[in-house]
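Coordinate analysis (summary)
The lines below spell out each chain.
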Amino acid sequence: MSAQPGYSAPAVTVASTLPKRGVASAVLVVPVVDADGTPKVLGAPFLDTGAVRELQTALRKLGAKGSAEQTTRLHVSALPFASVLAVGLGAPRDEWPAEIIRRASGVAARSLNGVHTVVTALAELDPEAAVEGLILGAYQMHEFRSEKTAPKDPSLSAITALSTAEDAKADVARAVAIATAVATARDLVNTPPSHLHPDEFAKRAKLLGTLAGLTVEVLDEKALAKAGYGGIIGVGKGSANPPRLVRVTYRGGKGRKGARKVALVGKGITFDTGGISIKPAAAMHHMTSDMAGAAAVLATMVLAAAEGLPIDVIATVPMAENMPSATAQRPGDVLTQYGGTTVEVLNTDAEGRLILADAIVRACEDKPDYLIETSTLTGAQTIALGARIPGVMGSPEFRDRVAELSQQAGEDGWAMPLPDELKDDLKSTVADLANVSSQRYAGMLVAGVFLREFVAEGVQWVHIDIAGPAYNTGGPWGYTPKGGTGVPVRTLFAVLEDIAVNG
C-alpha cells in the first residue's frame, strides 16, 4: 500500500443566526442542562420561545433530564431541521469547562452515525471545544473494510457552528486544525502492522512532512549501522522489515530573536511481539499501537507548521519492528547505543527505551532548549495511572508545566517522580547499563530513569508514557473511539504553543 496523506476533516462554517434554509436533512444539536431533574434547553440566542417550549415539553415526555452526556433525538415542528439532538451537560454552570463541551459534542457525533450535516448550538458555549469534539467523535476508519461491511452512509462531512462570539471563526479554524492532527495520528495507529512496517511508516512520514512544507530526512538500515545507531539496529534485527530513523524539521523561529528550539522524539515500534522475550498471545494484537508516540509526534509537526508557530521544532522518530527470529537480539546481548553508551539487554521486550535512547542522543546534538519524548513504553503506566492518564516524567519544572498544560488540553497528563535510587536497579555486570530492573516495582519510573541517562546536560526534558491512553481497548466514550486515540497530540501542541509565547 502506498503512503497516504493525513485525515480530511469535515467542512466547517460559522453562523451567528440559525439557518432557515438548506437544512432539511441536517440535525440541530442543542445543549440541555439538568435543572433539578427537569430538562432546560440552552437555546438562546438561536431558538425562539415557541421552539424551546416545544422541545422542553417533548424532552420531559421522553423522560430526558439533561444529565451529562445524555442524548435524546426528536422532531420539533417549529424548526426546519430533519431532527434535533438534545445533549445533556449536567447541572447548570456559570462557565463551561472546555472538556465538558468537547465530550458532549463527541457523544452527539457518535449518536449521529450516518448523518453528514450537523448544525451545533453547543458552539455558543465554546466554539473550539464544540467543533473539536464533533470532529473527533465522528472519526471513523474504514480503509480496510470490504464493500460487505463498510458503512453505506457517509460520515459527517459538514458542520455549522452557531456562535455570536467575535473570535468564533478563528477558534473554529484552530479546532479543525487540532482535530485533523489528532485524527491523522489515529489513522496511523489504526493502520495494521501488515500495512505499516518501518519503511512504509517512513514513507508516510515523508509524504506528510513534505506536503506540510517540512524538511524530512530518512535513514535506512545501512545508514543507521554506519552511524552507530545500535539501539535501533538491535531491536530491528529480528525482523524481515528493516528499521528506519526519520528526522523532520520545522523552522518557524528562523530570523526571530530569542526563538526557542524544541526537540520531539516519538517511539515508532510498528509491531511489538516482545522479541525473544515474547509476549503472551492474549491481546498481543493491541501492539499495533506501539508506534503511537511516533504518530503523535509526526501529526504535531504538521500541526505546528500549519499554525505557523514562531519556534524551531525538530522531530527524531525511530521506527522498528520487534520480532523473534534466528537473527533477533537475545537476552544477555550487549549493544552500543548511539553516542557510545553500552547496554545489556536483559529483556528484549523492553525495546522501546533502546530505540528512544538512540533518538534522544541524536536529538540533543541539535542543542534544543527543550526535549519532549512520548511513547507507549510500559505496561506499568496503566498499573499506576490507569488507561486514560499519561505519566509525565523529567526535569521537575518542565514536567509540572507539561502536566498542567496536558490537563488543560483535556488529555490529563499527571506528573510523576524519577527517584535517583532507581538507577541502582539498572546496574549491569558487563555493560554501562541494563535495560530493565531486577525489581517488579516502579516499572514506569525505572524506564524514565533509563531514558534520563541519555539526555544531554542543560536540556529541559519530559518523557510522556502513553501506554494506556494511546489506544482504547474498550468501548468508545466522549469523543474517544475504540482503537487509536491520538493522545498526546493536543498535549504536545499545547506545550509548543506555550513555549512559543512564554519561552
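Refer to the structure above for everything that follows.
Just so you know, these numbers come straight off a predicted model, no measurement behind them.

Looking only at helices and strands, the chain has 13 helices and 21 strands in total. Taken against the 2.2 N^0.38 rule, which gives 23 Å for 503 residues, the C-alpha radius of gyration of the chain at 24 Å falls within 12% of a compact globule. Considering only contacts within the chain whose residues lie at least 6 apart along the sequence, 76% involve residues at least 24 apart. As presented, the chain carries roughly 20400 Å² of accessible surface, and 50% of it is formed by carbon and sulfur atoms. The centroid of the 47 positive side-chain charges in the chain is displaced by 4 Å from the centroid of its 53 negative side-chain charges.

Below, the discussion takes up the side chain of Thr 270. Position of Thr 270 among the secondary structure elements: in strand S11 (residues 268-272). Judged by relative accessible area, which is 2%, Thr 270 ranks as buried. Apart from residues no more than four positions distant in its own chain, Thr 270 is found in contact with Pro 193, Leu 196, His 197, Pro 198, Phe 201, Met 287, Thr 288, Met 291, Ala 320 and Glu 321.

Our next topic: the packing of aromatic side chains. Under the definition given, this model contains four aromatic pairs. Taking 4.7 Å as the distance between ring centres and 40 degrees as the angle between the ring planes, the aromatic pair formed by Tyr 370 and Phe 398 counts as tilted. With Tyr 370 in strand S15 (residues 370-375) and Phe 398 in helix H11 (residues 396-409), the pair connects residues that are 28 residues apart, well separated along the chain. We classify Tyr 370 as buried; its relative accessible area is 9%. An angle of 45 degrees between the planes, with centres 5.2 Å apart, marks the rings of Phe 450 and Phe 454 as tilted. Assigned by exposure class, Phe 450 and Phe 454 land together as buried. In this arrangement the basic side chain of Arg 186 is found over the ring face of Tyr 139, its NZ or CZ atom lying 5.3 Å from the centre. Residue placement shows Arg 388 over the ring face of Trp 477; its charged tip is 3.6 Å from the ring centre.

The alternating pattern of strand S4 (residues 71-74) places Thr 72 and Leu 74 on a buried face, while none of Thr 71 and Arg 73, on the opposite face, is buried. One ladder, built from four bridges, connects S4 with strand S5 (residues 83-88); its direction is antiparallel. Pairing of Thr 72 across the sheet is with Ala 86, part of S5.

The three strands lie next to each other as S13-S14-S18, forming an open sheet whose pairing is mixed. Here the strands that pair on one side only, and so sit at the sheet edges, are strand S13 (333-336) and strand S18 (433-434). Of the pairings in the sheet, the one linking S13 to strand S14 (residues 342-345) comprises four bridges and is antiparallel in character. By the bridge assignment, Val 334 is partnered in S14 with Glu 344.

For H11, with 14 residues, the first-to-last C-alpha span of 20 Å sits near the 20 Å given by 1.5 Å per residue. Within H11, burial applies to Phe 398, Arg 399, Val 402, Ala 403, Leu 405, Ser 406 and Ala 409. Summarising the axial view, the buried residues of H11 lie within an arc of 165 degrees, below the 170-degree limit, and thus occupy one face. H11 presents Pro 396, Glu 397 and Gln 408 as exposed residues on the side facing more than 90 degrees away from its buried surface. The inward-facing, buried residues of H11 contact helix H2 (98-111), S15, strand S16 (391-394), strand S17 (414-415), strand S19 (460-465) and helix H13 (489-502).

Another aspect to go through is the side chain of Thr 300. Locating Thr 300 in the fold gives a position in helix H8 (residues 292-307). Thr 300 sits in the buried class, given a relative accessible area of 0%. Residues within four places of Thr 300 in sequence aside, it is in contact with Leu 264, Val 489, Leu 492, Phe 493 and Leu 496.

Conventions we followed
- Residues numbered from 1 in each chain as written.
- Predicted model: local features only at pLDDT ≥ 70, side-chain atom pairs only at ≥ 80, totals over all residues.
- Heavy atoms only, no water.
- Helix = DSSP H or I, 4+ residues; strand = E, 2+ residues; numbered from the N terminus.
- Rg over C-alpha atoms; globule rule 2.2 N^0.38 Å.
- Contact = heavy atoms within 4.5 Å.
- Areas by Shrake-Rupley, 256 points an atom, 1.4 Å probe, with all protein chains shown as cover.
- Lys, Arg positive; Asp, Glu negative; His and termini not counted.
- Charge placed at Lys NZ, Arg CZ, Asp CG, Glu CD.
- Buried < 20%, exposed > 50% of the residue type's maximum accessible area, 1.4 Å probe, protein only.
- Phe/Tyr/Trp six-rings, centres within 6.5 Å; stacked < 30°, edge-to-face > 60°.
- Lys NZ or Arg CZ within 6 Å of the ring centre and 35° of its normal.
- Pairing = 2+ DSSP bridges.
- Expected span 1.5 Å × (residues − 1).
- Arc of directions from axis to C-beta.

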